[in-house]
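Spelled out from the first residue to the last, the chains are:
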Amino acid sequence: MILRPLAWQRIVWFALAAMTLFTLVVLFFIIGFITSKGAHVITLKFLFGMPERMGKEGGILPTIIATIYISLLAIAIATPIGVGSAVYLCEYTRESPITRVIRFGADALAGVPSIIFGLFGFILFVIRLRMGWSLLAGGLTLAFMILPTIIRTSEEAIRAVPYNLREVSYSLGGAKSQTIVRVVLPNALPGILTGVILGMGRSVAETAVVIFTAGSSLLMPKSLFDPARTMAVHFYILAREGLSMERAYGTALLLIIAILLINVVAYLLMYRLTRKMR
Amino acid sequence: MGKRLILRGVNLDIEANTIVSVIGPAHSGKTTLLRVINRLIETQREFMRSGDVLLDDAEVRRLDIDVLRRRVGLIFATPVPLPGTIFDNIAYGPRLQHHHRRQQLADLVEHSLRSAFLWDEVKDRLSTSALRLSGGQQQRLCIARTIAVDPEVIMMDEPTSGLDPISTAQIETAMRELKKQYTWVLVTNNTKQAARVSDKVAFFLSGELIEMGEAAQIFTKPKDPRTDDYVSGRIG
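Residues numbered from 1 in each chain as written. Chains lettered and ligands numbered in written order. Predicted model: local features only at pLDDT ≥ 70, side-chain atom pairs only at ≥ 80, totals over all residues. Heavy atoms only, no water.

Caption draft 1: Spatial organisation of the overall build of chain A. Broken down by element type, chain A carries 11 helices and two strands. Taken from the N to the C terminus, the helices and strands of chain A come in the order α-α-β-β-α-α-α-α-α-α-α-α-α. Its C-alpha atoms give chain A principal-axis dimensions of about 65 × 65 × 40 Å. Within chain A, the proportion of its 278 residues that are buried is 44%. (Helix = DSSP H or I, 4+ residues; strand = E, 2+ residues; numbered from the N terminus. Buried < 20%, exposed > 50% of the residue type's maximum accessible area, 1.4 Å probe, protein only.)

Caption draft 2: Quick peek at the layout of surface pockets. Empty space within the largest pocket amounts to approximately 1600 Å³. If you trace the largest pocket, you find 39 residues lining it, with Leu7, Val36, Phe47, Arg49 and Val53 of chain B closest to the centre. Going through the elements one at a time, α1 (30–37), β2 (54–55), β5 (153–157) and β6 (183–187) of chain B are the ones with two or more residues in the lining of the largest pocket. In terms of residue count, the dominant contributor to the lining of the largest pocket is α1 of chain B (four residues). Here the second largest pocket is characterised by a volume of approximately 520 Å³. Mapped by element, the contributors of at least two residues to the lining of the second largest pocket are α3 (61–92), α6 (135–159) and α7 (163–171) of chain A together with α2 (65–71) of chain B. Among the elements that make up the lining of the second largest pocket, the one with the highest residue count is α3 of chain A (four residues). (1 Å grid on protein atoms, 1.4 Å probe; cavity = no way out; pocket = protein on both sides within 12 Å on 5 of 7 lines; lining within 4 Å. Points joined across faces, edges and corners; volume = space filled by probe spheres on them.)

Caption draft 3: Quick look at the pattern of salt bridges. This model, assessed by the stated rule, comprises 24 salt bridges over all chains. The salt bridge partner of Arg196 of chain B is Glu172 of chain B, with a shortest N-O separation of 2.8 Å. Highlighted residues: Arg196 of chain B in helix α8 (residues 191–197) and Glu172 of chain B in helix α7 (residues 165–177), separated in sequence by 24 residues. With a relative accessible area of 43%, Arg196 of chain B lands in the partly exposed category. The buried category is assigned to Glu172 of chain B, whose relative accessible area is 4%. It is possible to trace a salt-bridge network through shared partners that takes in Glu95, Arg103, Asp107, Arg152, Glu155, Glu156 and Arg159 of chain A. (Salt bridge = Lys/Arg side-chain N within 4 Å of Asp/Glu carboxyl O.)

Caption draft 4: Seen up close, the packing of helix α3 (residues 86–96) of chain B against helix α4 (residues 102–115) of chain B. Residue and element names in this part refer to chain B. Axis separation between α3 and α4 bottoms out at 10 Å; the angle between their running directions is 110 degrees. By the angle between their directions, the pair α3 and α4 is classed as roughly perpendicular. In contact with Ile86, Phe87, Ile90, Ala91, Pro94 and Arg95 of α3, α4 contributes Leu105, Ala106, Leu108, Val109, Ser112 and Leu113. Here the contact of α3 with α4 is composed, by residue class, of 10 nonpolar, one polar and one charged. (Axes fitted to C-alpha atoms, helices over the stretch in contact; angles between N-to-C directions. Parallel < 35°, antiparallel > 145°, perpendicular 65-115°, else oblique. Contact = heavy atoms within 4.5 Å. Nonpolar A, V, L, I, M, F, W, Y, C, P; charged D, E, K, R; others polar.)

Caption draft 5: Main features of α6 of chain A. Residues and elements named next belong to chain A. Between its first and last C-alpha, α6 extends 35 Å over 25 residues, near the 36 Å set by a 1.5 Å rise per residue. Its maximal kink placed at Ile146, α6 deviates by approximately 40 degrees, while the proline Pro148 follows within four residues. Counting buried residues along α6, 21 of its 25 residues qualify, which places the element largely inside the surrounding structure. (Expected span 1.5 Å × (residues − 1). Bend = angle between axes of the 7 residues up to and from the residue.)

Caption draft 6: Quick look at helix α1 (residues 5–38) of chain A. All names here are of chain A. With 34 residues, α1 ought to run about 50 Å at 1.5 Å a step, and its terminal C-alpha atoms sit 49 Å apart, in line with that. All of the buried residues in α1 are Ala7, Ile34 and Gly38. Along its buried surface, α1 packs onto α11 (245–275).

Caption draft 7: Region of interest: the interface of chain B and chain A. In this assembly, 29 residues from chain B lie in contact with 20 residues from chain A. Here chain B and chain A share an interface that buries about 2100 Å² over both sides, 58% of which is from carbon and sulfur atoms. Area buried by chain B at its contact with chain A is led by Pro83, Tyr92 and Leu96 of chain B, which between them contribute 27% of it. Summed over the shared surface of chain B and chain A, the result is one salt bridge. Put simply, Arg35 of chain B and Glu167 of chain A hold a salt bridge, and the shortest N to O gap is 2.7 Å. At the surface where chain B touches chain A, the tally comes to three residue pairs in polar contact (both at pLDDT 80 or more). (Buried area = accessible area lost by both parts, 1.4 Å probe. Polar contact = N/O pair within 3.5 Å; in protein donor to acceptor, adjacent residues only side chain to side chain.)

Caption draft 8: The nonpolar core, seen in detail. Core analysis: the largest hydrophobic core is formed by 78 residues, its most contacted members being Leu142, Ile146 and Ile158 of chain A together with Leu55, Val72 and Met155 of chain B. Broken down by element, the residue count for this core peaks at 11 residues, all from α3 of chain A. In this structure, Leu55 of chain B is in contact with Val60, Leu63, Leu68, Arg71, Val72 and Val153 of chain B, ignoring residues within four places of it in sequence. (Core = buried A, V, L, I, M, F, W, Y, C linked by side-chain atoms within 4.5 Å.)

Caption draft 9: Representation of the packing of aromatic side chains within the structure. For the structure shown, the criterion picks out seven aromatic pairs over all chains. Taken together, a centroid distance of 5.9 Å and an interplanar angle of 50 degrees make the contact between Phe122 of chain A and Phe212 of chain A tilted. Taken together, the residues span a long stretch of sequence, with Phe122 of chain A in helix α5 (residues 114–128) and Phe212 of chain A in helix α9 (residues 208–213) at a distance of 90 residues. With relative accessibility at 24%, the residue Phe212 of chain A sits in the partly exposed group. Here the aromatic rings of Tyr182 of chain B and Trp184 of chain B are separated by 6.4 Å at their centres, their planes lie at 90 degrees, and the arrangement is edge-to-face. The exposure class of Tyr182 of chain B is buried, given its relative accessible area of 5%. One cation-aromatic arrangement involves Lys176 of chain A over Tyr92 of chain A; the distance from NZ or CZ to the ring centre is 5.1 Å. (Phe/Tyr/Trp six-rings, centres within 6.5 Å; stacked < 30°, edge-to-face > 60°. Lys NZ or Arg CZ within 6 Å of the ring centre and 35° of its normal.)

Now the structure itself:
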């Protein structure tokens, strides 16, 4: 069929717009559905109360605390290691078969299903290193899970810093390490933060790893060595065991809000950090 | 791997407190010459050189690299402000040497900006982003930033190639005014600029130094016919 170019343009425009619209509709449907099912559950008692009768009643405070602890722990471990690896790969190695293998390894690792990380963490940290089900074992395993993402996004960000900025620093007498700390990293910061936020989001939302490594205790965790249940796991168990669908939706809604908040806070932080540079 | 000879048989003297222009068509090794002198070429790719580059009788490879690069500054063809404020740009070099006292830094920043004839234009907005300056202002900022680390030689790699005539004139004025303090090496594509500011001119072609002499001599009575062809615009 032969169409005039203008007609083609219309069709293509329509098709692309329809795809975008479809995505948005699905997204808003999910958020709307969960909000309508879960909003009425969220009360102060739900947010700040202890769970009763396995979560059928009461609140979800311990799961909120556990979620915060475990994802902050994962980020705190994975960020320095990930950024350090990225700096090493970008600034201290030349492109070679070895760096390509490392990069391929990181990419492959990023694609490994999280349950395999969970099993690995269970065997290594929980059993072998005798940490038991604990926030520490969970945080370490989640750190392993998000490490490849942080390495690769940081690497992209560092490579995107124009080479001539480094040359300016060198030609003013800057050593390589000074150049990295004062020029490369500050300029790569927004990109690095993007990776960290992605990792944080994945940690908050993760279930398989956490069930394997941190357990599903509903008690308030008092130290890093205590087992705990995160919001995502709580949601899974409530729904899976048919304890309370509406409380599951309430938890899910909080989870979505939490991830939204993380993104907003990170965006504001990024804006503050880069304001002086613009 | 590709091996290319970029400079060969180059032998030249640069006297203190003069302006020496290096002219020649593209790919004659002018930029490489500057990068060999301050050893910036070592950060880039594998390279080899034989012969000596002397700075006051000391071979540059024997100097500490940070000392060398402070003594011999380099200004790039496109002005490269570091993302950050005007103040931070000028203070970058001194801070690398752990100068952090506020008043001392402020004095140094003012002195450097005055030297580069930029102070009056920016004195009220030192804490705004250097990226908001115009191209000409940015290039003078780069000169001020180099001055702030107290160099002896300032090398410039086609510093005005992207600038308008007024900005170009301001930079040339700065060079002439600062000849008493610094030695200037100016790589330029613009033979008229070389004629305007230089004491001496070196003409490069395909990696060879063809001729070096007093500016007046190079432009009026060149000894080598190839120099004559270039300065009169027949090749290049």
